[in-house]
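Given next are the chains, with one letter for each unit.
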Amino acid sequence: MFKKTPGTKDILPDEVSSWQTIEETTRNIFSFYNYKEIRPPIIEEAALFNRSLGESAEIVQKQMFLVKKDKDVYALRPEGTASIVRAYLENNLDKTAGLIKVYYIGPMFRAERPQKGRLRQFHHLGCEVIGSQVPYLDAEIISLADNLLKAYTIEGYEIKINSLGCTKDKKEFTEVLRKSLKDKIPKLCDDCKVRFKTNVLRILDCKNEGCIEVVKKLDIRQNHLCPECKGHFDKVKEGLDSLNIDYKVNPYLVRGLDYYTRTVFEIIHGDLGAQNALGAGGRYDNLVHDLGGPSTGAIGFAFGIERLLLVASREYRVESKKLVYIITLGEDAKKEGLKLLNNLRRAGITSDTDYEDKSLKGALRRANDLSARLVLIIGEDELKKGAVALKDMVSGEQKEVKQEDLIKSLKLIVTGQ
Ligand code: HAM
């Protein structure tokens, strides 16, 4: 028998409702902030990611799923930001739309070693705002991430923020770091030995114990920020304070993708284990220009949906019981049952029946397995009276209801209206 490929997941019918709930909340909240949805393709030219994320980024070095077709090399997208900027430029949105605010929900692919919360096909819900460098936007976008988490009923997360500064600041910071780490190379893990040459900033957020010890002893503050970038970061913090957002400045926070400049942030959750980031984001003020467009500011973030579902409350994830299940006893009742089923569905009531002729006991067991909220039983007696027996599967009570009053009673119980 075939098996799914490692690091992928079947989202089974029982789990899909949690996904739909999270997607619905996401669409609502983004629409309150006046974001529009965008759906770029899942496959892109591989070079787009090499160029955007940086040749030395781990995703580019080790994790891209590449698809070769004739002479062309494509990649299953490992993230959304590069695709969105490509779409923004290719469709001339920079010329027609001014500032654009978009969100996306969909699968991403990274060939990582699978473990709890780390998959090879996972899902992002994310957003990008292109066309402004205003620090108020940074504060708004972090507060939007915070509002999304609150709407998913997630508690106990921590928002960490930092500023990497502009390209020049990042370069200076890299040099300072390289100098202070130079005589500590033997103590670093193998990955960080490579990072020392290719991407020294990443050493700051390495999870290896030995590297953490080395990094702890470095005196990292935000001294590398130029006056403009410092001023920008101060305004971001002021904005967050005025929006009452709980955050911590963490000067060790760097991100694994080259495109980030100035504000970066990460939201972590203690219950997630080693892969503790629920989501992350930041500014990428050079990327639009680097991909051939005008110089313009941009910022965004993405959450991993699988990780959100690991920490969202059960009440939020489990669909409230709505199903009305019809049980018919005998051929005549079955005909009546089919008509009733049709009427209920037309009235917007989720309903189903047992198409097989099961015994009452067997049919009730099936209703129970389907988590039905209400069961309607039609037998000979009910047929004669033009009524149904209505069984409340939560309270266990049973009563007779006339057919003409049925839809009203059902709606009251199922939807409360
Ligand atoms: P990222 O930090 O690479 O950022 O991914 C964002 C989130 O996706 C992570 O915090 C995590 O929750 C989830 N995630 C990443 N890799 C995996 C995985 N292998 N399995 C499960 N979940 C995963 C970005 O991708 C940026 N594009 C975010 C951004 C948007 N920055 C600006 N705009």
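Reading guide: rules and limits
- Here the residue numbers are simple positions, counted from 1 along each chain's written sequence.
- Predicted model: local features are reported for residues with pLDDT of at least 70 only, side-chain atom pairs are reported and counted for 80 or more only, and whole-chain, interface and lining totals are derived from all residues.
- Hydrogens and waters are ignored; side-chain quantities use all the structure's heavy atoms.
- Domain delimitation follows an automatic or database domain assignment.
- At least two bridges found by DSSP between two strands are what make those strands a pair.
- Runs of H or I in DSSP of at least four residues are treated as helices and runs of E of at least two as strands, each being numbered from the N terminus.
- Think of each axis as a best-fit line through the C-alpha atoms, taken over the contacting stretch in the case of a helix, with angles from 0 to 180 degrees between the N-to-C directions.
- Between two residues, a contact is recorded if the distance between any of their heavy atoms is within 4.5 Å.
- We call a residue near a molecule or strand when any one of its heavy atoms sits within 4 Å of it.
- Polar contacts, as used here, are pairs of N or O atoms within 3.5 Å; protein pairs need one atom able to donate a hydrogen and one able to accept it. Residues neighboring in sequence count only if both atoms are side-chain atoms.
- All accessible areas in this document rest on Shrake-Rupley with a 1.4 Å probe, and a residue is counted as covered only by the protein chains that are shown.
- Gly is put with the polar residues, along with every residue not named as nonpolar or charged; the nonpolar set is Ala, Val, Leu, Ile, Met, Phe, Trp, Tyr, Cys and Pro, and the charged set is Asp, Glu, Lys and Arg.
- Residues grouped as a nonpolar core are buried Ala, Val, Leu, Ile, Met, Phe, Trp, Tyr and Cys residues, joined through side-chain atoms within 4.5 Å.
- For every residue, the accessible area (1.4 Å probe, protein chains only) is compared with the maximum for its type, and the residue is labelled buried under 20%, exposed over 50%, or partly exposed between those bounds.
- Between the rings of Phe, Tyr and Trp (Trp by its six-membered ring), a pair exists once the centres lie within 6.5 Å; its type follows the angle of the planes, with under 30 degrees stacked, over 60 edge-to-face, and the other angles tilted.
- The criterion is that NZ of a Lys, or CZ of an Arg, lies within 6 Å of the ring centre and within 35 degrees of the ring normal, and then a charge sits over that ring.
- Multiplying 1.5 Å by the residue count of a helix minus one yields the expected span of that helix.
- Counted as salt bridges are all cases of a side-chain nitrogen of Lys or Arg within 4 Å of a carboxyl oxygen of Asp or Glu.

## Observations regarding the domain arrangement of the chain
- Per the domain assignment, the segments making up the chain are domain 1 (13–166 + 226–316) and domain 2 (324–414).
- When each unit is reduced to the centre of its C-alpha atoms, the spacing between domain 1 and domain 2 is 47 Å.

## Comments concerning the sheet that holds strand 15 (residues 387–392)
- Spatial strand order, 13-12-14-15-16: five strands in an open sheet with mixed pairing. One side of each edge strand has no neighbouring strand; the edge strands of this open sheet are strand 13 (351–353) and strand 16 (398–402). Here the average twist between neighbouring strands, direction ignored, is 30°.
- Two strands pair when backbone bridges link them, and strand 12 (residues 324–328) and strand 13 are joined in this way by three bridges, in the parallel orientation. Following the sheet pairing, Ile-326 is matched in strand 13 by Thr-353.
- Across the sheet, helix 15 (residues 360–369) touches strand 12, strand 14 (374–378) and strand 15, and the angle it forms with strand 12 is around 170°.

## Quick notes on the site of the ligand
- The environment of the ligand is formed by 27 residues, the closest being Glu-79, Glu-112, Leu-119, Arg-255 and Tyr-260.
- At a separation of 3.3 Å, a nitrogen atom of the ligand approaches a polar backbone atom of Phe-301.
- Burial of the ligand by the surrounding chains reaches 95%, relative to a free accessible area of 650 Å².
- Broken down by secondary-structure element, the contributors of at least two residues to the shell around the ligand are strand 6 (121–130), strand 10 (277–283) and strand 11 (298–304).
- Broken down by element, the residue count for the shell around the ligand peaks at six residues, all from strand 10.
- Here the shell around the ligand is built from residues that sort into twelve nonpolar, eight polar and seven charged.

## Observations regarding the nonpolar core
- By size, the foremost hydrophobic cluster in this structure holds 52 residues, and its most contacted members are Leu-53, Ile-130, Leu-177, Leu-181, Ile-203 and Leu-204.
- Top element by residues in this core is helix 4 (residues 81–90). It accounts for six residues.
- By size, the runner-up hydrophobic cluster in this structure holds 42 residues, among which are Ala-139, Tyr-157, Ile-159 and Ala-312.

## Re the packing of aromatic side chains
- The full count for this structure, using the stated rule, is seven aromatic pairs.
- Ring centres 4.7 Å apart and planes at 5° place the aromatic pair Phe-30 and Tyr-103 in the stacked group. Here Phe-30 is found in helix 1 (residues 13–32), whereas its partner Tyr-103 is found in strand 5 (residues 100–109), with 73 residues between them in sequence.
- Above the plane of the ring of Phe-196 lies Arg-178, whose end atom (NZ or CZ) is 6.0 Å from the centre.

## With respect to helix 6 (residues 135–151)
- Between the first and last C-alpha of helix 6 there are 25 Å, a value that for 17 residues agrees with the 24 Å anticipated at 1.5 Å per step.
- The positive-phi residue at the C-terminal boundary of helix 6 is Thr-153, with phi of around 60°.

## Overview of the pattern of salt bridges
- If you walk through the whole model with that rule in mind, you get 28 salt bridges.
- Between Arg-195 and Glu-58 there is a salt bridge, with the nearest N and O atoms lying 2.9 Å from each other. Here Arg-195 is found in helix 8 (residues 190–198), whereas its partner Glu-58 is found in helix 3 (residues 58–63), with 137 residues between them in sequence.
- Assessed through its relative accessible area of 26%, Glu-58 is described here as partly exposed.
- Taking the shortest distance from any N to any O, the salt bridge between Lys-216 and Glu-213 comes out at 3.2 Å. With Lys-216 and Glu-213 both in helix 9 (residues 209–216), this residue pair falls three residues apart, about one helical turn.
- Under the relative-accessibility criterion, Lys-216 is labelled exposed at 55%.
- Glu-213 sits in the partly exposed class, given a relative accessible area of 37%.
- Beyond isolated ion pairs, a larger network of salt bridges with shared partners links Arg-27, Glu-37 and Arg-39.

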